[in-house]
Amino acid sequence: MNVYIAGKIRTDSERKSLEKIDRLCKSLGFKTFLPHRDVGLAKSIKDVKRIFRGDIEEGLKNINLVVALLDGFHVGAGTAWELGYAYAKGIPTIGLKTDEKISNALEYLSVILIGSMPIATSFKELKENLIRLKKEMD
């Protein structure tokens, strides 16, 4: 099963959190696509086509699940786009929000994101969701 790991990638802290999700997914037997690892970061506007082609046209090809890190003041535009794409294509999604209660995040996450997927509030809960989903999809 192939998992696309979505989330903001601008800071070292954001990338490290995504890499923790990556390790969890791999420990459960998933193959992963991690944009900053597998495509790289945009350094300038000249990188836009390469990043879009790698992240979206290649990265979301043959994906069975999207796991999205939702921590922070807002969800990144790219993350929201990837989640919407997955929803439109019927690809299951799981969110992870560890920095505040979902009920307190209505303004930042939006009811659309909250209503479109299960959102785990800890890595333990994410692991349980991944195990359950893997059993359902096998």
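Residues numbered from 1 in each chain as written. Predicted model: local features only at pLDDT ≥ 70, side-chain atom pairs only at ≥ 80, totals over all residues. Heavy atoms only, no water.

Draft legend 1. Quick look at a nonpolar patch on the surface. Together, Leu-106, Val-111 and Ile-112 line one region of the surface with nonpolar side chains, adding up to about 320 Å² of accessible area. Of note, Val-111 is situated in helix H5 (residues 106-116). (Patch = residues over 30% accessible without salt bridge, like charges linked within 9 Å, V, L, I, M, F, W, Y side chains within 5 Å. Areas by Shrake-Rupley, 256 points an atom, 1.4 Å probe, with all protein chains shown as cover. Salt bridge = Lys/Arg side-chain N within 4 Å of Asp/Glu carboxyl O. Helix = DSSP H or I, 4+ residues; strand = E, 2+ residues; numbered from the N terminus.)

Draft legend 2. The arrangement of the environment of Leu-18 in detail. Position of Leu-18 relative to the elements: it lies in helix H1 (residues 12-27). Taking the relative accessible area as the measure of exposure, Leu-18 reaches 0% and is therefore buried. For the pair Leu-18 and Phe-73, spaced 55 residues apart in sequence, the C-alpha separation works out to 16 Å. Non-local contacts of Leu-18, meaning those with residues more than four positions away in its chain, are made with Ile-5, Ala-6, Gly-7, Lys-8, Ile-9, Leu-34, His-36 and Leu-69. (Buried < 20%, exposed > 50% of the residue type's maximum accessible area, 1.4 Å probe, protein only. Contact = heavy atoms within 4.5 Å.)

Draft legend 3. Expanded view of the layout of surface pockets. One number sums up the size of the largest pocket: a volume of about 510 Å³. Lining the largest pocket are 22 residues, and of these Ile-9, Ile-51, Asp-55, Gly-78 and Glu-82 sit closest to its centre. Those elements that place two or more of their residues in the lining of the largest pocket are strand E1 (2-6), helix H3 (48-58) and helix H4 (77-89). For the lining of the largest pocket, a count of residues per class yields 12 nonpolar, five polar and five charged. (1 Å grid on protein atoms, 1.4 Å probe; cavity = no way out; pocket = protein on both sides within 12 Å on 5 of 7 lines; lining within 4 Å. Points joined across faces, edges and corners; volume = space filled by probe spheres on them. Nonpolar A, V, L, I, M, F, W, Y, C, P; charged D, E, K, R; others polar.)

Draft legend 4. The packing of aromatic side chains, seen in detail. As enumerated under the stated definition, the model contains three aromatic pairs in all. Geometrically, the ring pair formed by Tyr-4 and Phe-33 is stacked, given 5.2 Å between the ring centres and 20° between the ring planes. Of this pair, Tyr-4 sits in strand E1 while Phe-33 sits in strand E2 (residues 31-33); the two residues are 29 residues apart in sequence, bridging distant segments of the chain. Judged by its relative accessible area of 0%, Tyr-4 is buried. (Phe/Tyr/Trp six-rings, centres within 6.5 Å; stacked < 30°, edge-to-face > 60°.)

Draft legend 5. Structural detail: the pattern of salt bridges. As enumerated under the stated definition, the model contains nine salt bridges in all. Between Asp-38 and Arg-37 there is a salt bridge; the shortest N-O distance is 2.8 Å. Judged by its relative accessible area of 37%, Arg-37 is partly exposed. One salt bridge in this structure joins Glu-58 and Lys-61, with 3.3 Å as the shortest N-O distance. Within the structure, one salt-bridge network assembled from shared partners comprises Asp-22, Lys-26, Arg-37 and Asp-38.

Draft legend 6. Region of the structure containing the packing of H1 against helix H6 (residues 123-137). Between H1 and H6, whose axes approach to 11 Å, the crossing angle comes to 40°. When the axes of H1 and H6 are compared, the pair comes out oblique. In terms of crossing hand, the pair formed by H1 and H6 is right-handed. Touching Ser-17, Lys-20, Ile-21, Leu-24 and Cys-25 of H1 are Phe-123, Leu-126, Lys-127 and Leu-130, all from H6. Residues that form the contact of H1 with H6 fall into these classes: six nonpolar, one polar and two charged. (Axes fitted to C-alpha atoms, helices over the stretch in contact; angles between N-to-C directions. Parallel < 35°, antiparallel > 145°, perpendicular 65-115°, else oblique. Left-handed = near helix turned anticlockwise from the far one by under 90°.)

All quantities given are derived from atomic positions and should not be read as evidence of function.
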